[in-house]
Amino acid sequence: MRALAVVALAAFAAVPLSAQPFNPRPAAKTEMRVYDLGLTDPGVAADVVRGLLSPEGRVYPDPAQHRLVVSDRPEVHARVAEALRTLNVAPRNIRIEVTARLERTDRERRLDASGTVGGGPVRVGVGRRPPSRGVEIGGQESHARTSVNARQQLLVLSGGRASLTVAEQVPYAEWLYTWGVTHGLWAQNIVWQEVGTSMVVEPRVLGNGTILVRLTPRFDYRAGGNSQAVEVNELSTEVVVREGEEITLGGVPFRDADFRERFLAGVDETGQTARVEMTLRATVE
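In what follows, the accompanying structure is described. Everything quoted here is computed from the prediction, not taken from an experiment.

## Examining the pairing of strand E2 (residues 58-62)
Looking down a regular strand, the side chains alternate between one sheet face and the other. Bridge analysis of E2 against strand E3 (residues 67-72) gives 5 bridges, and the strand direction is antiparallel. Its bridge partner being in E3, Pro61 is matched across the sheet by Leu68.

Shown next as C-alpha cells:
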C-alpha cells in the first residue's frame, strides 16, 4: 500500500502545471450604497455618476427621496462620493445678464428712367441724365441695417428657475402654432392671442469654477381670456460655461434648426420682422 501511495504522488507531481485546474481570482464584490443629494438635481447627479461606473455598475435615481442608489465595486464608490461632493455645493446666487439685439435689414430698390424725344430740330430730354436718343432704364439697390439693444438682469438661486423674454410679439405665429400642434403642445382648437416667446433658464453651480445652464424655450400667450405658458421640454438643452463667460443663445443646439430660426425672431417697433440675437453671461455671487 505504501508503495502505491508513493507511485500516485509521483504521478501527480509529474503532471505539467498547464494541465492542472485553474482557479481564477474571484471578482470584486459589488456594494449597494445610498447617496443623499441635498440640493443637487437627481438627474444631473445620475448623469455624472454613470460616467464613473464599471461595466457591472448600476445607478438608480430616487427623485422622490432626492437621492441616488448606486451598486458597484468599493473603489468605484470612492470616485462616486468625490464627484457628488463636487456637485453638492452650498446654495449660491447666480446673476444672469442677457443682452438682446433686434436686428433688421432693410432693402430698398430704386428704378430710374431717362429718355430723349425729338421732333424735327427740337429734342427734349427727360430724367436725371437723358441719353442723346432713346430711353434708358437704370436701377440702384441699397441695404440699411437697424439694431435695437435691450438688457435683462436676473438674480437666481443655484438650482432655481428664471424666465428671459425673447420677443413680446412673434412674426412666425402660424408656423410655430402648427409646429406646437404636431408636437402635442396644445390642441388644434386653441386660439392664440398676444403670443410671445421666452426662455426658461435654470443655472446650477458645479463647484469647479463652472456653471451648468439649462435652457428651455417657452411660449407665453392668451387663450380664452386666460394667460398660458407652455414649455418645450423636448428641446431643452444644457451648456456648461465658466463664470463670466459669454455664450450666444443662437448657437445653442436646440436639435431643430427651423424651430430655432423662427423662435429667435421678433417684431420691432415699426412692425418689421427682426432677428433676435441674445448673449448670456452668468456670474456667482
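## Examining helix H3 (residues 74-87)
Taking 1.5 Å of rise per residue, 14 residues should cover 20 Å, and H3 covers 20 Å from first to last C-alpha, within 8% of that figure. Elements in contact with the buried residues of H3: strand E1 (31-36), helix H2 (42-50), E3 and strand E8 (193-205).

## Some details on unusual backbone geometry
The backbone of His66 shows a phi angle near 55 degrees, a positive value even though the residue is not glycine. Looking at where His66 falls in the secondary structure, it is placed in the loop between E2 and E3. Non-glycine residue Glu194 carries a positive phi angle of around 50 degrees. Relative to the elements of secondary structure, Glu194 occurs in strand E8. For Glu194, a relative accessible area of 63% puts it in the exposed group.

## Things to note about the environment of Gln153
Among the secondary structure elements, Gln153 is positioned in strand E6 (residues 134-157). As a C-alpha pair, Gln153 and Val98 span 55 residues in sequence and 6.4 Å in three-dimensional space. Setting aside residues no more than four positions away along its own chain, Gln153 makes contact with Arg95, Ile96 and Glu97. There is a polar contact of 3.2 Å between the side chain of Gln153 and the side chain of Arg95.

## A look at the nonpolar core
Counting 40 residues, the largest nonpolar core has Ile96, Val166, Trp192, Phe219, Tyr221, Phe259 and Leu280 as its most contacted members. Among the elements of the structure, strand E4 (93-119), strand E7 (162-167), helix H4 (173-182), E8, strand E9 (210-223), strand E11 (237-242), helix H5 (257-263) and strand E14 (273-284) are those that each provide at least two residues to this core. If one sorts the elements of this core by residue count, E9 sits on top with 6 residues. Among residues more than four places away in sequence, those in contact with Leu280 are Ile96, Glu97, Val98, Leu164, Val201, Glu245, Glu246, Ile247 and Leu249. By size, the runner-up hydrophobic cluster in this structure holds 16 residues, among which are Ala45, Leu53, Val80 and Leu84.

## Thoughts on the pattern of salt bridges
What the rule picks out here adds up to 14 salt bridges. Taking the shortest distance from any N to any O, the salt bridge between Arg50 and Asp47 comes out at 3.0 Å. Pair noted here: Arg50 and Asp47 are both in helix H2, with a separation of 3 residues, about one helical turn. A relative accessible area of 44% means that Arg50 is categorised as partly exposed. Residue Glu82 is joined to Arg85 by a salt bridge in which the shortest nitrogen-to-oxygen separation is 2.6 Å. In this pair, Glu82 and Arg85 both sit in helix H3, 3 residues apart, roughly one turn of the helix. Look at Arg85 and you get exposed, because its relative accessible area is 54%.

## Things to note about the packing of aromatic side chains
Geometrically, a pair of aromatic rings is defined through the distance of the ring centres and the angle of the planes. Counted by the stated rule, this structure contains 11 aromatic pairs. Seen from their ring centres, Tyr177 and Trp186 are 6.4 Å apart, and the 20 degrees between their planes marks the pair as stacked. By relative accessible area, which is 8% here, Trp186 ends up buried. An angle of 85 degrees between the planes, with centres 6.2 Å apart, marks the rings of Phe219 and Phe259 as edge-to-face. You can see Phe219 sitting in strand E9 and its partner Phe259 sitting in helix H5, a full 40 residues away along the chain. Classification of Phe219 by relative accessible area gives buried; the value is 0%. Overall, Phe259 belongs to the buried group, its relative accessible area being 0%.

## Side note on the sheet that holds E3
Across the sheet, which stays open at both edges, the 3 strands sit in the order E1-E3-E2 with antiparallel pairing between neighbours. Strand pairing shows two members of the sheet lacking a second neighbour, E1 and E2, which therefore form its edges. Sheet twist, expressed as the average angle between the axes of neighbouring strands with direction ignored, equals 20 degrees. Relative to E1, H3 is tilted by about 5 degrees, and along the sheet it contacts E1 and E3.

Conventions adopted
Residues numbered from 1 in each chain as written. Predicted model: local features only at pLDDT ≥ 70, side-chain atom pairs only at ≥ 80, totals over all residues. Heavy atoms only, no water. Pairing = 2+ DSSP bridges. Helix = DSSP H or I, 4+ residues; strand = E, 2+ residues; numbered from the N terminus. Expected span 1.5 Å × (residues − 1). Contact = heavy atoms within 4.5 Å. Buried < 20%, exposed > 50% of the residue type's maximum accessible area, 1.4 Å probe, protein only. Polar contact = N/O pair within 3.5 Å; in protein donor to acceptor, adjacent residues only side chain to side chain. Core = buried A, V, L, I, M, F, W, Y, C linked by side-chain atoms within 4.5 Å. Salt bridge = Lys/Arg side-chain N within 4 Å of Asp/Glu carboxyl O. Phe/Tyr/Trp six-rings, centres within 6.5 Å; stacked < 30°, edge-to-face > 60°. Axes fitted to C-alpha atoms, helices over the stretch in contact; angles between N-to-C directions.

These figures come from the coordinates and say nothing about function on their own.
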